[in-house]
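Coordinate inspection notes
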Amino acid sequence: MFALQTNDSLVAPLLRLNQCHLEESEKTLKKHDKISELIILYQMNGKHKKSLELLKAQASVEGSSLFGYDRTIKYLQQLGSPQLSLIFEFCDWVLKEAPEEGLRIFTDNFIEVENLPRASVLDFLLSRHKGLVIPYLEHVINVWKDNNTLLHNVLAKQYREKVHNLLEEIKREESEDKSNAKENIRKYREKLCDFLKNSQNYSPEVVLKDFPTNELLVERALILGRLKEHEKVLAIYVQVLGDVQKAAEYCEANYADDKDIFATLLKTLLKPVREPPYENVELHPDFLRPNEDIILELLNKYAEKIDPYVVVPLLPDDMPAQSIWKYLETALRVEIAEHHEKEMMIGLLKAEIQRVRRQIRAEESKYVVLTEFTVCPQCKKRFTNPPAFVRYPNGEVVHLSCHDKYAQSTSSTSS
């Protein structure tokens, strides 16, 4: 280590060449208190644990060039999957002292970081630093676009747990700042709803098992909607939440897949239940009996999408016919239009069938006369008996083999 006596700046480049004797260099660097260079020596010789122990020790030394956790973060980011156990061992103190900065160990855009096994990182964070699970999964899913179902399921569960815990804090009056707690509830419920609407990779059957039936019913409806449980979704919107507009929007969004969904909504309104769909949930007071004004509004607004044969028998006997006349008029007009459209389609199909039949008969009536003197225009040879030939639209007849050769040459030329 002659460079120490002549020029300090040469030491680090020399160490990176990895041509120094480990024990001798270590002794010399310690003697001259060259901590940064000592870390380089350990790193180049694969002694990562020694480097990280030194970094951790220096992190709390005021005035040290290695004070803080930034160098540890950068060092851990470079290790990659083969050193995963070492990463977990030495990231712990960083995540405790500076959680947001420390999370960069698992989220920065370095190839070594992106290639870390995400399920293993998730297990580590769940067991040691649960507060970082949501931001980690948000980065993996939203930034790195990971479609792994397990990760999506866990993120949904973490959002639900977060909201539930905040709600419990308010109930127990443990939250000192209730306005802040309510804002956090709003924020995480919004995140949860957006996730349940937009993620195509979580398993609704699995996620639904973790959701309570006496809270977060808007979110429960979103999951049931993914499962196409339309009756249950509409029961939540109408019977519990009393939100007919949300129910109608849901019907609009799913009408293409289920043409009877508006009729299902009207059944929900026309046949109120006496018991709530879930325990410890109250029925909405506005929909304990049929609300004729809302029913008529829906009938008139969505008349073209509501089958009168299904809905009319469900209407109250004392409902005046005049009040549903507008709906019936529109529904009848749609029915007639659909009937006319079907008749027109049937007529067009019959005409097409006749045209094709005539064309077939015309083609079948054509014939070719081959005699012993007929010659193939391509090879100039006569046709054998029985001949294998091809007739072109212009009436020309050639050998089948001649046609195949011509077709192959044309195909090779075009390609």
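Since we're looking at a predicted model, the values are computed, not measured.

The rules behind the values
Residues numbered from 1 in each chain as written. Predicted model: local features only at pLDDT ≥ 70, side-chain atom pairs only at ≥ 80, totals over all residues. Heavy atoms only, no water. Patch = residues over 30% accessible without salt bridge, like charges linked within 9 Å, V, L, I, M, F, W, Y side chains within 5 Å. Areas by Shrake-Rupley, 256 points an atom, 1.4 Å probe, with all protein chains shown as cover. Salt bridge = Lys/Arg side-chain N within 4 Å of Asp/Glu carboxyl O. Lys, Arg positive; Asp, Glu negative; His and termini not counted. Charge placed at Lys NZ, Arg CZ, Asp CG, Glu CD. Helix = DSSP H or I, 4+ residues; strand = E, 2+ residues; numbered from the N terminus. Buried < 20%, exposed > 50% of the residue type's maximum accessible area, 1.4 Å probe, protein only. 1 Å grid on protein atoms, 1.4 Å probe; cavity = no way out; pocket = protein on both sides within 12 Å on 5 of 7 lines; lining within 4 Å. Points joined across faces, edges and corners; volume = space filled by probe spheres on them. Nonpolar A, V, L, I, M, F, W, Y, C, P; charged D, E, K, R; others polar. Core = buried A, V, L, I, M, F, W, Y, C linked by side-chain atoms within 4.5 Å. Contact = heavy atoms within 4.5 Å. Expected span 1.5 Å × (residues − 1). Arc of directions from axis to C-beta. Disulfide = S-S within 2.5 Å. Phe/Tyr/Trp six-rings, centres within 6.5 Å; stacked < 30°, edge-to-face > 60°.

There is a patch of like negative charges on the surface, built from Glu-292, Asp-293, Glu-297, Asp-317 and Asp-318. Its place among the elements puts Asp-317 in the loop between helix H21 (308-311) and helix H22 (325-364). The exposed category is assigned to Asp-317, whose relative accessible area is 82%.

A separate point is the layout of surface pockets. There is about 270 Å³ of room inside the largest pocket. Forming the boundary of the largest pocket are 15 residues, of which Lys-197, Ala-221, Leu-222, Tyr-237 and Tyr-250 lie nearest the centre. Contributions of two or more residues to the lining of the largest pocket are made by helix H14 (178-198), helix H16 (217-226), helix H17 (230-240) and helix H18 (244-254). Counting residues per element, the lining of the largest pocket draws most heavily on H16, at five residues. Here the residues of the lining of the largest pocket sort into ten nonpolar, one polar and four charged. When its volume is computed, the second largest pocket comes out at roughly 230 Å³. Around the second largest pocket, the lining is made up of 15 residues, and of these Glu-304, Ile-306, Asp-307, Glu-335 and Glu-338 lie nearest the centre. Residue assignment for the lining of the second largest pocket shows that the elements contributing at least two residues are H21 and H22. Take the lining of the second largest pocket: its biggest share by element is four residues, from H22. Tallied by class, residues from the lining of the second largest pocket come to eight nonpolar, no polar and seven charged.

Attention now moves to the nonpolar core. In terms of nonpolar packing, the biggest core is built from 100 residues, with Phe-106, Leu-125, Leu-266, Leu-269, Leu-298 and Leu-299 touching the most fellow members. In terms of residues, this core owes the most to one element, helix H7 (residues 84-97), which gives nine residues. With residues up to four places along the chain from it excluded, the contact list for Leu-269 reads Val-238, Val-244, Phe-287, Pro-290, Ile-294, Ile-295 and Leu-298. Judged by nonpolar contacts, the second largest core, of seven residues, contains Cys-376, Phe-383, Val-390 and Tyr-392.

For the rest of this paragraph, the subject is H14. Its 21 residues place the ends of H14 30 Å apart at the C-alpha level, agreeing with the 30 Å of an ideal helix rising 1.5 Å per residue. Along H14, the positions that sit buried rather than exposed are Ala-181, Ile-185, Tyr-188, Leu-192, Cys-193, Phe-195 and Leu-196. Seen from one end, H14 has its buried residues packed into an arc of 160 degrees, which puts them on one side. Of the exposed residues in H14, the ones pointing more than 90 degrees away from its buried face are Ser-179 and Asn-198.

With that out of the way, let us pick up the state of the cysteines. Here the structure, examined in full by the defined rule, presents zero disulfides. Distance from the sulfur of Cys-379, which forms no disulfide, to the nearest cysteine sulfur (Cys-402) is 3.7 Å. Judged by its relative accessible area of 27%, Cys-379 is partly exposed.

A few words now on the packing of aromatic side chains. Given two aromatic rings, one states the distance between the centres and the angle between the planes to describe the pair. Throughout the structure, instances matching the rule amount to eight aromatic pairs. Here Tyr-255 and Phe-262 contribute two aromatic rings whose centre-to-centre distance is 6.0 Å and whose plane-to-plane angle is 55 degrees, an arrangement assigned as tilted. Phe-262 gets classed as buried once you look at its relative accessible area, which sits at 1%. Ring pairing ties together the aromatic residues Phe-88, Phe-106 and Phe-124, which thus form one cluster.

The quantities given are spatial measurements derived from coordinates; they are silent on function.
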